Amino acid sequence: MPTDVTISSLCGSSPFDVYICDTGMTTCVYVDTITSGDVPYVFEAPLVFSNLPEFNIKVVDNINCVIIDTVVI
């Protein structure tokens, strides 16, 4: 079953590069580049992450500030 992920808010300098990563941050998959105007932003987790009980969302803003949040399913 697909797992939808919603980014409901962002702070920082737009645009933002969005990645989904395993909890060890060893495997990250680029999702998209979004702007503040794209929020709320919904995407489907890649198949390799859909069966994991948790994963990380990594967002890198325009000045390379990194925000990481753990999502528990």
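Residues numbered from 1 in each chain as written. Predicted model: local features only at pLDDT ≥ 70, side-chain atom pairs only at ≥ 80, totals over all residues. Heavy atoms only, no water.

1. Structural notes on the state of the cysteines
Counted only if it meets this: The disulfide criterion is simple: two cysteine sulfur atoms within 2.5 Å. Any residue under 20% of the maximum accessible area for its type is buried, any over 50% is exposed, and the rest in between are partly exposed; the area is computed with a 1.4 Å probe on protein chains only.
Following the criterion strictly, the structure yields one disulfide and no others. The closest cysteine sulfur to the non-disulfide-bonded Cys-11 is located on Cys-65, 9.2 Å from its own sulfur. Residue classification places Cys-65 among the partly exposed residues on the basis of a relative accessible area of 40%.

2. Points about the packing of aromatic side chains
Put simply, the test is: Pairing of aromatic side chains here covers Phe, Tyr and the six-membered ring of Trp, requires ring centres within 6.5 Å, and sorts the geometry by plane angle: under 30 degrees stacked, over 60 edge-to-face, intermediate tilted. Two thresholds decide whether a charge sits over a ring: the Lys NZ or Arg CZ must be within 6 Å of the ring centre and within 35 degrees of the ring normal.
Evaluated as defined, the whole model comprises three aromatic pairs. Here the basic side chain of Lys-58 rests over the ring of Tyr-19, its NZ or CZ set 5.0 Å away from the ring centre.

3. Digging into the environment of Val-42
The following threshold applies: Think of it this way: any DSSP run of H or I at least four residues long counts as a helix, any run of E at least two long counts as a strand, and we number them from the N terminus. Throughout, a residue-residue contact means that at least one pair of heavy atoms, one from each residue, lies within 4.5 Å.
With respect to the helices, strands and loops of the structure, Val-42 is situated in strand S4 (residues 41-44). Sequence spacing of Val-42 and Val-5 is 37 residues, and the spatial spacing of their C-alpha atoms is 5.5 Å. Setting aside residues no more than four positions away along its own chain, Val-42 makes contact with Asp-4, Val-5 and Thr-6.

4. Notes on the nonpolar core
For clarity, the cut-off: For this analysis, a nonpolar core means a set of buried residues of the types Ala, Val, Leu, Ile, Met, Phe, Trp, Tyr and Cys, connected via side-chain atoms within 4.5 Å.
Core analysis: the biggest nonpolar cluster contains 13 residues, and Val-5, Ile-7, Val-18, Ile-20, Phe-43, Phe-55 and Ile-57 have the highest contact counts within it. Of all the secondary-structure elements, those providing two or more residues to this core are strand S1 (4-7), strand S2 (16-21), S4 and strand S5 (54-60). Sequence-distant contacts of Ile-20, that is, excluding residues within four places in its chain, are made with Thr-27, Cys-28, Val-29, Val-31, Phe-43, Ala-45, Pro-46, Phe-49, Phe-55, Asn-56 and Ile-57.

5. Considering the pairing of S4
Heads up, the rule is: A strand pair is defined by DSSP finding two or more bridges across the two strands.
Of the two faces of S4, only the one carrying Tyr-41 and Phe-43 is buried; Val-42 and Glu-44 on the other face are not. Direction of pairing for S1 relative to S4: antiparallel, over a ladder of four bridges. The partner of Asp-4 across the bridge, within S4, is Glu-44.

6. A short note on unusual backbone geometry
With an omega dihedral of 5°, the bond running from Ser-14 to Pro-15 counts as a cis peptide bond. Inspection of the secondary structure puts Pro-15 in the loop between S1 and S2. Omega for the peptide link from Val-39 to Pro-40 comes to 5°, which places this bond in the cis form. The topology assignment puts Pro-40 in the loop between strand S3 (28-34) and S4.

No statement about biological role is implied by the geometric values presented.
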